[in-house]
Amino acid sequence: MPECVYCGQKPVIITERAMCRKHFVRYFEEKVRRTIKRFGLIGRKEKVVVAASGGKDSTTVLYILKKLGYEVEALAINEGIHGYRDATLKDLTEFCAQNKIKLNIVSYKDYFGFTLDELLQKKNLHPCMACGILRRYLLNKASQGYDKLVTGHNLDDEAQSIMMNMTKANVSLMARLGPKTGQIDDARFTPRVKPLYLCSEKEVATYSYLQGFQIKFTECPNAAQSFRAHIRDMLNELEAKTPGTKLGIVHSFLKLMPSLKQMPVAKEMNYCAECGEPSGKSVCGACSIAKAATQVVD
Ligand code: SF4
Ligand SMILES: [Zn+2]
Ligand SMILES: [Zn+2]
């Protein structure tokens, strides 16, 4: 039976080393603190908002940033997905009240006039494609005025994103990945940072369990259709056979990142003719979806 490498007690997790509860919690929090420092993610005086969903990743990052002494608020997007988002938002509301964190909730229904469920009933769109465009738009819009938008993306998420872009030869999109993104010099873009960048899904799940966070491990009903889900399953299978695969993918990417970021940006930055937000096209993706949905609803 393996023992904690630091104290010889019973381990709660075995990754590259076995650790007991006390040493794992210390190791994990230190890893997040070092990631913030190594990549220069958040300044001490900066005002940050965490894109929170009530899931384990964003709850963990919210909790640790508060514990590390950052001035932090939570921002949740309610897409309007029946039987899923209501439950996770209930947990998040309780968590924020307990931890004295201000919670801001913005909904598709209030902002665009339709829930994701209503949109998908009217329009034959890929759920995650439409949902992703609308969510990124609202997160950016609602985080203006904060210095950083923090997301709960972990090592597994990043390895998946790298592979998704690799398989589709989306090199310019891959160049936008990394622990710090959206560094475009425009006040209408809030830079995004990922303090859990080097923490695996297993580590985050263990930490959130040990801290007793009330997390429902329900999955969005649309998730199974996503390309990400296929890549995730493939990487999990590879990781089980060859431990260290995901970390290897992310480390390779970090080595390539400086060259990727030097690549010329394909399109000049424009502003959406409908809403004025930064966009690569004359009308941004969110306005195009909202327009199409309104035409059908009317
Ligand atoms: S799984 Fe897809 S539809 Fe569900 S919340 Fe995520 S992006 Fe939206
Ligand atoms: Zn120990
Ligand atoms: Zn627009």
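Residues numbered from 1 in each chain as written. Chains lettered and ligands numbered in written order. Predicted model: local features only at pLDDT ≥ 70, side-chain atom pairs only at ≥ 80, totals over all residues.

K.L.:
Sorry if this is basic, but what is going on with the site of ligand 1 here?
P.N.:
Around ligand 1, a shell composed of Glu79, Pro127, Cys128, Cys131, Gly132, Cys220, Asn222, Ala223 and Ser226 is seen. When the residues that make up the shell around ligand 1 are grouped by side-chain class, the tally is 5 nonpolar, 3 polar and 1 charged. (Near = placed C-beta within 6 Å. Nonpolar A, V, L, I, M, F, W, Y, C, P; charged D, E, K, R; others polar.)

K.L.:
Please clarify how helix α2 (residues 56–67) should be interpreted in this entry.
P.N.:
Helical geometry note: an α-helix holds 3.6 residues per turn, so side chains three or four residues apart project in the same direction. Its 12 residues give α2 an end-to-end C-alpha distance of 16 Å, which sits within 8% of 16 Å, the value for a rise of 1.5 Å per residue. Among the 12 residues that make up α2, 10 are buried, leaving the element largely enclosed by the rest of the structure. Burial in α2 covers these residues: Lys56, Asp57, Ser58, Thr59, Thr60, Val61, Leu62, Tyr63, Ile64 and Leu65. Summarising the contacts, the buried residues of α2 are in contact with α1 (21–38), β3 (47–51), β4 (71–78), α3 (85–98), β6 (148–150) and α9 (201–210). (Helix = DSSP H or I, 4+ residues; strand = E, 2+ residues; numbered from the N terminus. Expected span 1.5 Å × (residues − 1). Buried ≥ 20, exposed ≤ 12 C-beta atoms within 10 Å, placed from the backbone. Contact = placed C-beta atoms within 7 Å.)

K.L.:
Looking at this model, I keep getting lost on the confidence of the model for the chain. Mind explaining?
P.N.:
Any region with low pLDDT has predicted coordinates that should not be read closely. Of all residues in the chain, 96% attain a pLDDT of 70 or more, and the chain-wide mean is 90. Here helix α12 (residues 285–297) stands out as the element of the chain with the lowest mean pLDDT, 81, in contrast to α1, whose mean of 97 is the highest. (pLDDT = per-residue confidence, 0-100.)

K.L.:
Just checking my understanding: could you explain the pairing of β3 for this structure?
P.N.:
Here is the key point about a regular strand: its side chains alternate between the two faces of the sheet. β3 sits mainly inside the fold: 4 of its 5 residues count as buried. When β3 meets β4, the two strands line up parallel, connected through 5 bridges. Bridged to Lys47 within β4 is Glu71. In this structure, β3 lies alongside β6, joined through 3 bridges in parallel fashion. In the sheet register, Val49 faces β6, and the bridge partner there is Leu149. (Pairing = 2+ DSSP bridges.)

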